[in-house]
Structure formats: C-alpha cells, structure tokens
Amino acid sequence: MRHKALYDKLQTYSRQNAVPFHMPGHKRRDLHSSGLPWQLDITEIDGFDNLHGPEGVLRDAQARGAALWGSEGTYFLVDGSTGGLLAGIYAAVGRGEKILLARNCHKAVYHGIELLGLCPIYLEPPMVADTGLCGSISPETVEAALHRHPDIRLAVITSPTYEGVCSDIRAIGELLHQRDIPLFVDEAHGAHLGLGTHFPPGAVAQGADLVVQSFHKTLPSLTQTAVLHRQGGRIAPERLQHALGVFQSSSPSYPLLASIDGCIGLLETEGETLLGQWRQRLEAYYERAGGMQYLTLLTPAQDPQHIHAHDPSKLTILTSGASLTGTALMVALRERYNIELEMALDSHAIAMTGLATTDEDLACLHKALTALDKTCTPAPQKQPIPLPPMGPQIIPAGEALRLSGRQMALADSIGEISRTYLWAYPPGIPLITPGMEVTEEIIACIQTLTNRGVAVKSTFPAPVGQIEIVDKSVKIR
C-alpha cells in the first residue's frame, strides 16, 4: 500500500466536484486565497469512515500502525499526546483511586489527576550529575513505592524525557504486572523508538500497556498528530474507545488523519533506510561536536548510574560550564545564525532533530555552535536547578481550583495552599499544583528560575513574584 493512501483518496474525491451540503462551512473553496488545503478538508461522509467507530479506511490505517509497532491496537489522535494521556488515564482508573506517576510527567497527566480526583503518589527522578536534568526512573524506586502503596491502580512514566533520557520500561513493567497494575508510558518524544535497531527500544516492545506517541515531534507528520497504542489485556478496548470519544473532537481533521496515515506508510516502505540514515547523521554529529571546549552534548556517559539509555535524536546542549547560558545560546543562534532551537533553560538548550533533518541542517548547527563555543570563557559551575519535591497535597487539585483565591508574594507564601499550577514551558512539568502546600523548596526553585531569566507560567495571570493561593478567609467547603 502506498504511503499516501488516505491523502490520495481525499485528492480523488476533491476532483469529483461533489456538491458539498455538509460540514465544513468553507465547502472546500478557498475564499481566503490562503493556499491552505481546503479541498481536502471534509467531514465523515460516505467512504471516509468515522474515527470514533472505525470500520473502513481509518480502521485499516490504525491496524497498519499497530502492526508496525507491534501493539494490539493503535488509535489515531488529532489533539496530540495530550488527548491520548487524558483518555488513557480515564480508561484505566476510577475516580479517587491511587496513581503512581513520575514527578517529571507532562502537565496533561496532572490534569487527568485533577479531573478524576485521583490520589497521586510521586516517583522522584534522580538528577543527572551537574545538570539539573531528570534521570531515569529506576525499577527499585518503583518497587519501593509499590511496597508502600499496594493499592496503586496505574503507573505513568515519561520515557524518553524532553532531553532524551529513557527508563528501563521492561523491568518497571514486569514489577507492575506482577501486581496486575497497568503501565502507561508517555513516549510523546519517542515515536521513532522501537522501529528497527537504530534507536533505543520503544515502550510497546518493552511491554507497556498503554503508550502515547506524538508523531509530529520527530516524524514527518503535521502538528497535533499522535497515536495511542494498547496491549496486554489490562485496559478494555471498548473503555478506551469511549474515553477517546470523550477527549477528542467529534469532528476530527481529515488532513491530520491523512498525515498520520501517510507517515505510517512511509515508515512501512522506507522506514528502515530513513531511520538508519538519520542515526548515521547523528553519530557523525556527536563525533564532530566532541571538539567543543565549553558547550557539550548530553550522553549516557554524563551519568551512567542515572541514565539507563538515551535517545540521541535530542541534541541536549549543556552550558553549565560556559559563560553562555542556555537561553542566551538560543537567542544567539536565532539572531546570528537563523537557527531556531526547540527550547532553552538556564543550563541547557535542546536542538530537536527529526526524520527529515538533513546533513546540511546539522552542518549549519555545528558551524554555529563551534563559533559560539570559541567566544565562551570558563565560568564557575552553575548550581543546577532540579525539580523541587512535591509538597503535601492538602486539597484535591480540582477542589482547590473551585475555591476562592487571592494573590500573595511568593516569598511570604510558605505553608499556604496553592490554587494554581506553576510551570516552566517547555517542558511543561508542574512545579506546584492546586491544593498543594507551598514549601520552601518550591519557592526557592521558582525564584532561582525567575532570577536566571526563565519564564514561569501560571494558571491564573499573576505578576512576577506572586502566587495565587486559596483564600483561607473564605470558608472551605
């Protein structure tokens, strides 16, 4: 099957000039003169199946995705991994149950906890030496948490992380499955994992029950496209299909669906070759980058004890020993070399590569980083800023958000109850959640991030140095 199956079907249909008395309202006509693919944007008309009850072309496309990754079921997502995370959690646990999650999970996981009133038990990842980055979640950490909380109903782990750090999913899954607990892996940044041997093994191949992957992050697919894989029998397919209907649009975009279908087809026909070429480019780049003096790349050698495996497609540039911060590096690359990075914080920046990254792209990056490295001078090792430990959860997050609040100076808020999420985005990991007690460690982390030029986002608009807290003068229901 050609890798443009659904795309070709849309093109063929558009040439038939059927009179469109159905959604969408643009009627496949470019009134904006924008050049967007209006002629391909349709609804669930005859012959094009229904994402929420697939029986035809979409069912077949999802089956091809399942065969490619080796799962028992694959579901297309048109609202990114966020929708898949919410749907998977909703399908796996009941309201108020205990969920085990890595502290460095994306905020969408925390929103699932909020919506279902779940009781979160946190797995605190170790810090990768001298970086402030989160290391791998160890099986021993998981086992200790299960011993303390035998009533856990689901575990959620991010692997790979934004920086490419992978955990031992197979060993963690085996520990959970001994207790019949499903494992949900947020593999949003690793859709290319598990396809051949060029990159670390993926979570599907390692036995995770649910795996969400954002195609658009590393594969040639449009933004918002992702998939959710299911296997193992611990999550009922009908329950998951219902959950996807709850959290996804009932009018999914066909250009987005065609993008997912086309990406799967490309991987079926040319994936082995393209993935191999990508890995070769990366290996050559890492070898060349080893000549820099102050700017270095994260590899497992940075801290073998706390990096189980690493996805080399994430070029995580460490700046802690240089006179240039990660955020300054990002600005310099943009303004001087017309290179836009994925993200930057104080001590590192990330250049995210993908299947479509070329030798020329990497050559441009290498030339620019080499030039910037020569302008650096030695700098005292900056104190890394690890994620602060979570404070005590005083009120469930959903309940705290419904209470009255007021703003207070962050420095004066120790012991108060947060009414807000605070996070640096990217990567979108909450530093504090609604209903949680504000601790000294949390305040110190936020203040250090702010002082080093990192923008900390909030659920509610607030001036820098302020936090929205639960107003205790109003009776808490």
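Everything numeric in this text was worked out from a predicted model, so none of it was measured.

Chemist: Can you walk me through the sheet that holds strand β17 (residues 456-458) in this structure?
Modeler: The pairing of strands in a sheet happens through backbone hydrogen bonds and is either parallel or antiparallel. One open sheet accounts for 3 strands, arranged β16-β15-β17; its pairing is antiparallel. Each having just a single partner strand, β16 (429-432) and β17 make up the two edges of the open sheet. Strand-to-strand twist of the sheet, defined as the mean angle between neighbouring strand axes without regard to direction, takes the value 40 degrees. Pairing between strand β15 (residues 422-424) and β17: 3 bridges, direction antiparallel. Note that in β17 the partner of Trp-423 across the bridge is Lys-457. Each of β15, β16 and β17 touches helix α13 (residues 440-451); the most contacted strand, β16, lies at about 120 degrees to it.

Chemist: I'm lost on the nonpolar core in this one. Help?
Modeler: For soluble globular proteins, the rule of thumb is that nonpolar side chains tend to be buried together. Core analysis: the biggest nonpolar cluster contains 76 residues, and Leu-100, Leu-101, Leu-183 and Phe-184 have the highest contact counts within it. Apart from residues no more than four positions distant in its own chain, Leu-183 is found in contact with Ala-155, Ile-157, Ile-169, Ile-172, Gly-173, Leu-176, His-177, Ala-208, Asp-209 and Leu-210. Counting residues in each nonpolar core, the second largest holds 58 residues, with Leu-195, Ile-317, Leu-333 and Ala-344 among its members.

Chemist: Whenever I open this one, unusual backbone geometry confuses me. Can you help?
Modeler: Note: most peptide bonds trans; most residues except glycine with negative phi. Residue Pro-24 is bonded to the preceding Met-23 through a cis peptide linkage, with omega at 0 degrees. Of the consecutive residues Ser-159 and Pro-160, the connecting peptide bond is found in the cis state with omega at 0 degrees. Within the fold, Pro-160 resides in the loop between β4 (152-158) and β5 (165-166). Phi is positive for Asp-49, which is not a glycine, with a value near 70 degrees. Note on placement: Asp-49 falls in the loop between α1 (5-15) and α2 (57-69). For Asp-49, a relative accessible area of 15% puts it in the buried group. In this model, Gln-224 sits at a positive phi of 90 degrees, which is unusual for a non-glycine residue. Mapped onto the elements of the fold, Gln-224 is located in the loop between α7 (215-218) and β8 (226-230).

Chemist: Just checking my understanding: could you explain the side chain of Ser-418 for this structure?
Modeler: Mapping Ser-418 onto the fold places it in the loop between β14 (405-409) and β15. When residues no more than four places from it in sequence are discounted, the contact partners of Ser-418 are Ala-400, Ile-432, Thr-433, Pro-434, Gly-435, Met-436, Val-438, Ile-467, Glu-468, Ile-469 and Val-470.

Chemist: Looking at this structure, I do not really get the state of the cysteines. What am I missing?
Modeler: Any covalent bond linking the sulfur atoms of two cysteines counts as a disulfide. Counted under the stated rule, the structure contains 0 disulfides. The thiol sulfur of Cys-364 is not disulfide-bonded, and the nearest other cysteine sulfur, from Cys-376, lies at 19 Å. Residue class for Cys-364 comes out partly exposed when judged on its relative accessible area of 47%. Among the residues examined, Cys-376 registers a relative accessible area of 6% and is labelled buried.

Chemist: Would you mind going over the layout of surface pockets with me for this structure?
Modeler: If you add up the space inside the largest pocket, you get close to 780 Å³. Lining the largest pocket are 42 residues, with Tyr-162, Ala-424, Pro-426, Pro-427 and Ile-429 positioned closest to its centre. Ranked by residues supplied to the lining of the largest pocket, first place goes to helix α3 (residues 80-92) with 4 residues. The residue inventory of the lining of the largest pocket, partitioned by class, reads 20 nonpolar, 16 polar and 6 charged.

Chemist: I would appreciate a short explanation of the packing of aromatic side chains in the present structure.
Modeler: Aromatic rings in a pair are described by how distant their centres are and how their planes are angled relative to each other. Within this structure, the stated rule accounts for 6 aromatic pairs. Pairing Tyr-13 with Phe-48 gives two aromatic rings, centres 5.5 Å apart and planes at 75 degrees, and the pair type is edge-to-face. A residue pair is termed long-range when its members are at least 10 positions apart, and Tyr-13 in helix α1 and Phe-48 in the loop between α1 and α2 qualify at 35 residues. Here Tyr-13 matches Phe-48 in class, with each residue buried. Here the aromatic residues Tyr-13, Phe-48 and Tyr-254 are joined through ring pairs into a cluster of three or more. Taking the ring centre of Phe-199 as reference, the NZ or CZ of Arg-279 above it sits at 5.8 Å.

Chemist: Where do I start with the pairing of β4 in this structure?
Modeler: Looking along a regular strand, one sees side chains alternate from face to face of the sheet. Across the 7 residues that make up β4, a large majority, 6, are buried. As paired strands, strand β2 (residues 98-102) and β4 are joined by 4 bridges and run parallel to one another. Residue pairing across strands places Leu-101 opposite Val-156, the latter belonging to β4. Taken together, the 4 bridges between β4 and strand β6 (residues 183-186) define a ladder with parallel strand orientation. In the sheet register, Val-156 faces β6, and the bridge partner there is Phe-184.

What counts, and at which threshold
Residues numbered from 1 in each chain as written. Predicted model: local features only at pLDDT ≥ 70, side-chain atom pairs only at ≥ 80, totals over all residues. Heavy atoms only, no water. Pairing = 2+ DSSP bridges. Helix = DSSP H or I, 4+ residues; strand = E, 2+ residues; numbered from the N terminus. Axes fitted to C-alpha atoms, helices over the stretch in contact; angles between N-to-C directions. Contact = heavy atoms within 4.5 Å. Core = buried A, V, L, I, M, F, W, Y, C linked by side-chain atoms within 4.5 Å. Buried < 20%, exposed > 50% of the residue type's maximum accessible area, 1.4 Å probe, protein only. Disulfide = S-S within 2.5 Å. 1 Å grid on protein atoms, 1.4 Å probe; cavity = no way out; pocket = protein on both sides within 12 Å on 5 of 7 lines; lining within 4 Å. Points joined across faces, edges and corners; volume = space filled by probe spheres on them. Nonpolar A, V, L, I, M, F, W, Y, C, P; charged D, E, K, R; others polar. Phe/Tyr/Trp six-rings, centres within 6.5 Å; stacked < 30°, edge-to-face > 60°. Lys NZ or Arg CZ within 6 Å of the ring centre and 35° of its normal.

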